[in-house]
Every structure is written in structure tokens, then in C-alpha cells.
Amino acid sequence: MMTPASRILRTVPRENAFYFFTSIGNYTGESATSLEEFVKKVKEVNVKSLEFHLYRGDFEKWASQTLEDKDLAEKIRNLHSLNLAGDSLRDQLYFTASKRYEKLRSELHE
Amino acid sequence: MKNQAMILDDLDLKILQALQENAKQTYTEIGSQLGVAHSTVYDRIKRMEEQGIIKKYTTLLDLEKVGMKQITAIMTVFTDPKESDNVAMRLSQFKEVLEVSTSLSEELLIIAKVVAEDQDKLHSFIAQSVAPLPRVLRIRTSIITKKYKEQGFSVEK
């Protein structure tokens, strides 16, 4: 049986992946099919893409609806009020997502 | 079989031009403009339909007047060249996609004309239906803000 942590950490089908865009209709070619891959991509993608998606609410929507991780969605939503941009946004989003990923990984091994 | 160009005479071209100006004209009206019998016009149009020279008759709508808001965008899809035909075929099946063509510049591209109600719906369509297609490498989209001309290619008399 899947635990909540293993469910959140699963790899989702390609059609449910997170696709990174830099603006309306402009796809970077980068996508993530799991939280682990998402964390990696946050480090690599064009920072404009992170700005575009954060303030549209796309990250928390994917975390909540696709990964089914309300906790991560809430933490990402809280970043809006910080008005971050550029590398500080990347660093903060990476910190938030990677910390959540590590916590879920540790729950798997308990 | 390779497509062969059909030979059209001056009367065929004049009939085509009349239809392009107004496809609702009757055979009699076209015949009287051109000084030929309506049966001649009928025969020529029938032949050009059968030969596929006239592909279809369509209606050009003013969507604003019927209360339908929409935006149009030109979407350029970069693909793995081996998969471009498959991607183009898949794109052609979406109702949001009006035209699909391929182009070879520095890389093989698929160029598609896309319509949607607004920018959010355009983005959702591209993010949920186009980006997930296998071997799509990246996508560039330009939203059309003003159109200066729209018509089919006109035959010359």
C-alpha cells in the first residue's frame, strides 16, 4: 500500500508533468514528472520561468492537484508575499522544495 | 501518384475569381457577368470541384459581431526531426489549431495557427496538450495583436 510520502514522491505520467514556460505559450523544453525532478529543474531552468509560474500560482497548483501535497503547495504559496525575483527566488524555491523532498524521503525510511 | 497541375483557361479563371469575390452568386449571375450560359458555368464549376481545384466553400465570420471573443496566436513548435510528422498530425487533430505547416530553416519547425478564448485558455491548451506531445523540444508563441489583411490567394484573370 502507498504511504502518503510515497504517493507524493511517485513519478506521474508525462501528461501530468510540470512544464516550464517563460511566458504565455513559450515552453522552455524542461519538464518534471516527480518532486525529485522538480527540485533539480528549479536549479537549472531560466529564472524567468520561475518568476512566470510562481506569481501565476502554477507551482502550488501542480503540488496540490498533481502531487497531492497540500503542505508543499502551502509553503510555495507563502513565497508570493516575499516578492522575490531572480536568483533569490530560485534559491528560496529550491530551499522550500528540496527541504520538503528530504522530509518525505526520510518518512519513507522510517 | 504525383499531383499534376490542371490546365485552366481564361473562362475558368474568371469563374474562380467571381466565386472568390462572392461564392453565393448563382450560375446565372456569373454567366451573365461573363457573357456565357449558366449551363457552361455549372459545367466548369462541377469539373473544378471534381478535380479538387475548388476545395470547399466556407464562411468568413466576424466573431466580434456574434459575441465570440477570441485570440489568435502563431505557435512555433521545435521537434525532433524524426517525429515532426507525428507531432504535426497530432496538432492537426485539436479544434484549437486552425492551420499546421512545417518549415525548414536552421531546424525543422512546425508552425501552427491557434485560437483560444483568452490568454489563460491559450496557455492551458499549449501547456496541457502541446508540450506533453512526445519529442516536442520547445515552443515559441506569438499572440496576434492586430490583423492588417486576411484573404485567400486570388486567381488573376
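Residues numbered from 1 in each chain as written. Chains lettered and ligands numbered in written order. Predicted model: local features only at pLDDT ≥ 70, side-chain atom pairs only at ≥ 80, totals over all residues.

A. Fine view of the overall build of chain A. Scanning chain A from terminus to terminus reveals six helices and two strands. Reading the helices (α) and strands (β) of chain A from amino to carboxyl end gives α-β-β-α-α-α-α-α. The C-alpha radius of gyration of chain A comes to 13 Å, within 12% of the 13 Å expected for a compact globule of 110 residues. Overall size of chain A, expressed as C-alpha extent along the three principal axes, is 40 × 30 × 20 Å. Within chain A, the proportion of its 110 residues that are buried is 30%. (Helix = DSSP H or I, 4+ residues; strand = E, 2+ residues; numbered from the N terminus. Rg over C-alpha atoms; globule rule 2.2 N^0.38 Å. Buried ≥ 20, exposed ≤ 12 C-beta atoms within 10 Å, placed from the backbone.)

B. The arrangement of the packing of helix α2 (residues 27–34) of chain B against helix α3 (residues 38–50) of chain B in detail. All names here are of chain B. Packing of α2 against α3 leaves a shortest axis separation of 8 Å and a crossing angle of 110 degrees. In this view, α2 runs roughly perpendicular relative to α3, as classed from their interaxial angle. In this structure, α2 contributes Y27, T28, I30 and G31 to the contact, and α3 contributes H38, T40, V41 and Y42. Looking at side-chain class alone, the contact of α2 with α3 contains four nonpolar, four polar and no charged residues. (Axes fitted to C-alpha atoms, helices over the stretch in contact; angles between N-to-C directions. Parallel < 35°, antiparallel > 145°, perpendicular 65-115°, else oblique. Contact = placed C-beta atoms within 7 Å. Nonpolar A, V, L, I, M, F, W, Y, C, P; charged D, E, K, R; others polar.)

C. Quick peek at the interface of chain B and chain A. Of the residues lining the interface, 14 residues belong to chain B; the matching set on chain A comes to 11 residues. Among the elements of the structure, β1 (71–79), α5 (119–130) and β4 (136–143) of chain B are those that each provide at least two residues to the side of chain B that touches chain A. Residue composition of the side of chain B that touches chain A, by class: nine nonpolar, three polar and two charged.

D. Quick look at the nonpolar core. In terms of nonpolar packing, the biggest core is built from 42 residues, with Y19 of chain A together with V77, I126, V130, A131 and I139 of chain B touching the most fellow members. Of all the elements, α5 of chain B adds the most residues to this core, at five residues. If near-sequence neighbours (up to four positions away) are discounted, I139 of chain B is found in contact with G25, N26 and Y27 of chain A together with M75, T76, V77, I126, V130 and A131 of chain B. (Core = buried A, V, L, I, M, F, W, Y, C linked by C-beta atoms within 7 Å.)

E. Region of the structure containing the packing of helix α5 (residues 70–77) of chain A against helix α6 (residues 86–108) of chain A. Residue and element names in this part refer to chain A. Where α5 meets α6, the closest approach of the two axes is 10 Å, and the angle between their N-to-C directions is 160 degrees. Regarding the angle of α5 to α6, the classification is roughly antiparallel. For α5 against α6, the interelement crossing comes out right-handed. On α6, the residues that touch D71, L72, K75 and I76 of α5 are T96, A97 and R100. (Left-handed = near helix turned anticlockwise from the far one by under 90°.)

F. Seen up close, the confidence of the model for chain B. On average, residues of chain B score 89 in pLDDT, and 96% of them are at 70 or above. Per the prediction output, this complex has pTM 0.80; the corresponding ipTM is 0.87. (pLDDT = per-residue confidence, 0-100.)

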